[in-house]
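# Notes for the structure review
Residue strings, one per chain:
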Amino acid sequence: MTTAIYPGSFDPITNGHIDVLRRASKLFDDVIIAVLENPSKNPTFSVNDRIKLIKDSILDLKNVKVDAFKGLTVDYARQKKAKVLIRGLRAVSDFEHEMQMAQMNKNLYPDLETIFLVPSVENSFLSSSLVKEVSILGGDISNVVPDAVNNYLTKR
Ligand code: PNS
């Protein structure tokens, strides 16, 4: 059994995250999408809301669990006996930061492999912060986020 964790802020989840998650769910026996609980990052949505929005968006993905974590990602991975860490790689702009994290995580937990998955082109330029900005200003985000997130943001 290979368990992979897919950690992130998911504030909120977008179609880009879902794209990566779908790919991971085909590659690994179990995937845990792990929401970082870190108030110092000043998230827009509570952890519970972020978890609920993810759950409502992935009802068909039977081998994916949703969880929250605090502290270091490597400690969470050890606790879950996960040997694979999934990250999405969208554009060159992601590369440097992702490499830094992958190298640091490798240093902290040598048995953990970071695997980068590339979303399709239409999902490659999405970010949670851009989605929130457009939504707050009244723009249509229905084709870049799951329905659950679109409904939630529209109501807010
Ligand atoms: O969705 P994000 O904000 O790009 O995800 C970043 C995340 C949560 C994966 C990263 O900030 C993280 O791993 N935070 C947990 C604390 C930690 O382990 N920091 C050291 C990373 S090398």
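The model shown is predicted, which means the values in this text are computed figures rather than measured ones.

With that settled, the discussion passes to the packing of aromatic side chains. On inspection of all chains with the given rule, the structure shows three aromatic pairs. Relative to F10, the ring of Y6 has its centre 5.1 Å away and its plane inclined at 80 degrees; by these criteria the two rings are edge-to-face. Summarising the burial analysis for this pair, Y6 and F10 share the class buried. A cation over an aromatic ring shows up here: R78 above the ring of Y109, its NZ or CZ 4.5 Å from the ring centre.

To continue, consider the packing of helix α2 (residues 47-57) against helix α6 (residues 147-155). Between α2 and α6, the least distance of the axes is 8 Å, while the angle of their chain directions is 135 degrees. Classed by the angle they form, the pair α2 and α6 counts as oblique. Here D49, L53, D56 and S57 of α2 lie close against α6, whose contacting residues are A148, V149 and Y152. When its residues are assigned to classes, the contact of α2 with α6 shows four nonpolar, one polar and two charged.

Let's shift gears to the site of the ligand. Within the structure, the ligand sits among G8, S9, L36, K41, G71, L72, T73, R87, M101, M104 and N105. At 2.6 Å, a side-chain N or O of T73 approaches an oxygen atom of the ligand. Surface burial for the ligand is 76%, taken as the share of its 540 Å² of free accessible area covered by protein chains. Broken down by element, the shell around the ligand gets its largest block of residues, three residues, from helix α4 (residues 92-108).

Evaluated as defined, the whole model comprises nine salt bridges. The salt bridge involving D60 is made with R22; its shortest N-O contact spans 2.8 Å. Of this pair, D60 sits in the loop between α2 and β3 (64-69) while R22 is found in helix α1 (residues 15-27), placing the two residues 38 residues apart along the sequence. For D60, a relative accessible area of 46% corresponds to the partly exposed category. Exposure remark for R22: the relative accessible area of 32% places this residue in the partly exposed category. Among the salt bridges present, the one from D56 reaches K52, with a minimum N-O distance of 2.7 Å. Here D56 pairs with K52, and both are found in helix α2, just four residues apart, close to one helical turn.

Parameters and conventions
Residues numbered from 1 in each chain as written. Predicted model: local features only at pLDDT ≥ 70, side-chain atom pairs only at ≥ 80, totals over all residues. Heavy atoms only, no water. Phe/Tyr/Trp six-rings, centres within 6.5 Å; stacked < 30°, edge-to-face > 60°. Buried < 20%, exposed > 50% of the residue type's maximum accessible area, 1.4 Å probe, protein only. Lys NZ or Arg CZ within 6 Å of the ring centre and 35° of its normal. Axes fitted to C-alpha atoms, helices over the stretch in contact; angles between N-to-C directions. Helix = DSSP H or I, 4+ residues; strand = E, 2+ residues; numbered from the N terminus. Parallel < 35°, antiparallel > 145°, perpendicular 65-115°, else oblique. Contact = heavy atoms within 4.5 Å. Nonpolar A, V, L, I, M, F, W, Y, C, P; charged D, E, K, R; others polar. Near = heavy atom within 4 Å. Polar contact = N/O pair within 3.5 Å; in protein donor to acceptor, adjacent residues only side chain to side chain. Areas by Shrake-Rupley, 256 points an atom, 1.4 Å probe, with all protein chains shown as cover. Salt bridge = Lys/Arg side-chain N within 4 Å of Asp/Glu carboxyl O.

All quantities given are derived from atomic positions and should not be read as evidence of function.
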